[in-house]
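# Descriptive analysis of the structure
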Amino acid sequence: MLETLEHALSMDFIPQFAETAVQFHVLVVDADPAMRSACSQIAASLGYAVESTGDMTEARSLLRGHTSDILLVNLPAGNNRGIQLVSEMKVLYPETAVIAMTASGSVAAAVEAMRCGASDYLTKPFAMDELSTVLDRAAQNHRTETKTRRLRERLRHSEGLGAIIGHSVEMEKLYRILSKVALSTHPVLVLGESGTGKELIARTIHAYGPNAQKPFLPVDCGSLVPTLIESELFGYVKGAFTGANRSKDGLLVSAEGGTVFLDEIGELSLDLQAKLLRALQEKEVRPVGATHRVPIKARIVAATNRDLADMVERGAFRKDLFYRLNVVNLRLPSLRDRREDIPLLAAHFLDVFSNQYSRKFTLSDTALRTMMDYDWPGNVRELQHAVERACVLSSESMLNLADMPTELREQGLEAERATQVNLVEIGPDGALPSLKNLADLERDAILNAIRMLHGDKLAAARLLGIGKTTLYRKLKEYGIADPLRQG
Ligand SMILES: Nc1ncnc2c1ncn2[C@@H]1O[C@H](COP(=O)(O)OP(=O)(O)OP(=O)(O)O)[C@@H](O)[C@H]1O
Ligand SMILES: [Mg+2]
């Protein structure tokens with residue numbers, strides 16, 4: 001998948017950024033004065049701010065003074081000081097693009113430089129436009145990297161309605177890919193169980209993308225009958241069918257460069273799959289009842305909770321359409337695979353509903369603890385509903401286990417029956433414990449249970465009302481190697 005991603009995100013797919021007034025800094029390092037001066041002059045003529053030196057030590061102090069965006073460094077034959085500098089760059093200034101210059105016949109040095117993190121190389125002698133090409137390529141990559149990094153930060157710190165909540169490793173991975181994907185206009189396939197946030201992610205891709213000001217148009221392929229999907233997507237002409245009193249553009253046309261979100265794409269009939277494929281290949285559609293074709297310009301984001309690859313195997317989904325939609329795919333983690341995000345999500349929805357119902361809600365520790373152990377087959381949507389239901393039902397501001405849906409309540413009661421140790425002290429204000437607190441309490445409860453049972457982890461898991469694997473996972477998470485000795 002990474003390969004496809006790299007491919008999709010290679011420069012020609014990234015929309016050209018408007019040239020900004022930001023000037024890129026280039027540092028030229030070459031002991032040969034003539035070469036140094038020629039490279040510097042060329043770079044300066046291209047609009048770069050240039051510094052140069054013939055000495056590695058001075059190069060290091062220049063870099064310490066202010067990091068360059070691009071380092072153009074000669075790798076002299078017979079010593080490895082240039083390679084050393086390239087390796088250091090990766091660690092000290094990972095954002096700087098490194099271009100290595102080698103004498104002809106030193107392919108090995110160029111390969112080594114690339115292995116150490118150089119992004120490009122030039123073999124001497126080279127022509128002026130070769131240098132200008134690699135410099136521009138490095139600058140373009142630098143711009144993309146910077147944009148991606150900023151976007152990732154925004155995603156990570158987004159708050160409020162429509163924000164993506166989660167700081168787990170799985171979500172961090174998702175932000176990394178999302179921040180790159182959003183910058184391109186390529187098709188994206190969003191995969192994930194029901195309620196994992198597929199639509200939220202699709203909207204985010206659009207909102208952070210280059211055409212955010214254009215429309216985002218969702219089509220639910222799961223709930224509409226095929227004829228309706230066809231006329232929705234491709235449009236129709238007056239008189240095409242009973243009730244078509246006037247012509248109407250399809251969503252693929254009216255998106256005008258925006259995003260068409262094909263939700264539940266796995267439900268699309270084979271006949272419509274063929275029509276959609278043709279439309280995407282030819283970049284035009286034939287409205288229902290029309291003889292003419294209309295050009296389309298839309299980014300396609302599709303989502304499904306079905307296993308599309310398996311459907312392709314079974315002949316239920318067209319392979320060619322699958323490949324066209326699956327240029328980049330984002331697989332959303334299920335909530336039980338990122339349990340550490342449950343308190344964050346719970347707190348987020350408490351906020352949302354506190355605002356909506358103009359009452360301040362908090363969660364009891366038992367309720368939260370039960371939520372953390374529950375498997376959430378309906379993922380974030382199920383959690384959101386559980387919190388909302390409790391807010392509606394509860395007459396008090398603190399939501400208890402009793403206000404939760406049956407499945408959760410049953411699990412909580414079971415755990416309570418099995419747990420004869422008092423796991424958690426409820427704070428005097430009954431407020432939602434902070435993440436750290438909760439983790440500490442859970443860690444203590446696990447340690448206590450194992451100690452009480454003289455190290456019998458299996459019995460401890462039963463006592464705590466959690467599975468054996470959950471217990472082992474938690475021991476690992478909390479870095480507890482030896483529970484009987486751990487402080
Ligand atoms: N990471 C998240 N942070 C905050 N809210 C989320 C997150 N993931 C999902 N949600 C919320 O959960 C609800 C369900 O999300 P969404 O509709 O995007 O899921 P889905 O995968 O499309 O579900 P389905 O398969 O049922 O259509 C929405 O209200 C959404 O805002
Ligand atoms: Mg959905």
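Our structure's up above, just so we're on the same page.
Here's what I pulled together on the structure shown here. (Residues numbered from 1 in each chain as written. Chains lettered and ligands numbered in written order. Predicted model: local features only at pLDDT ≥ 70, side-chain atom pairs only at ≥ 80, totals over all residues.)

## Digging into unusual backbone geometry
Of the consecutive residues Lys-124 and Pro-125, the connecting peptide bond is found in the cis state with omega at -5 degrees. Among the secondary structure elements, Pro-125 is positioned in the loop between strand E5 (120–124) and helix H6 (128–156). At Ser-358, a residue that is not glycine, the phi angle is positive and equals roughly 50 degrees. On the secondary structure map, Ser-358 appears in the loop between helix H14 (342–357) and strand E15 (362–363). One non-glycine residue, Asn-379, lies in the positive phi region at around 55 degrees. Locating Asn-379 in the fold gives a position in helix H16 (residues 379–393). (Helix = DSSP H or I, 4+ residues; strand = E, 2+ residues; numbered from the N terminus.)

## Description of the sheet that holds E5
Ordered in space as E2-E1-E3-E4-E5, the 5 strands form an open sheet in which the pairing is parallel. Two strands in the sheet have a free side with no partner beyond their single neighbour: strand E2 (49–53) and E5. Taken over all neighbouring pairs, the strand axes of this sheet differ in orientation by 20 degrees on average, direction set aside. As paired elements, strand E3 (residues 70–74) and strand E4 (residues 97–103) share 5 bridges and run parallel to each other. (Pairing = 2+ DSSP bridges. Axes fitted to C-alpha atoms, helices over the stretch in contact; angles between N-to-C directions.)

## Some details on the site of ligand 1
Inspection of the region around ligand 1 gives 15 residues, with Ile-165, Gly-197, Lys-198, Glu-199 and Val-380 positioned closest. Those elements that place two or more of their residues in the shell around ligand 1 are helix H8 (198–207) and H16. When the residues that make up the shell around ligand 1 are grouped by side-chain class, the tally is 4 nonpolar, 8 polar and 3 charged. A domain-level breakdown of the shell around ligand 1 finds at least three residues from each of domain 2 (169–333) and domain 3 (337–432). (Near = placed C-beta within 6 Å. Nonpolar A, V, L, I, M, F, W, Y, C, P; charged D, E, K, R; others polar. Domains from an automatic or database assignment.)

## Let's talk about the sheet that holds strand E14 (residues 328–331)
Read from one edge of the open sheet, 5 strands run E7-E10-E13-E6-E14, paired in parallel fashion. Among the strands making up the open sheet, the edge pair consists of strand E7 (216–220) and E14. Neighbour to neighbour, the strand axes of the sheet diverge by 20 degrees on average, direction disregarded. Against the sheet, helix H7 (residues 169–181) touches strand E6 (188–191) and E14, its axis set at about 150 degrees to E14. (Contact = placed C-beta atoms within 7 Å.)

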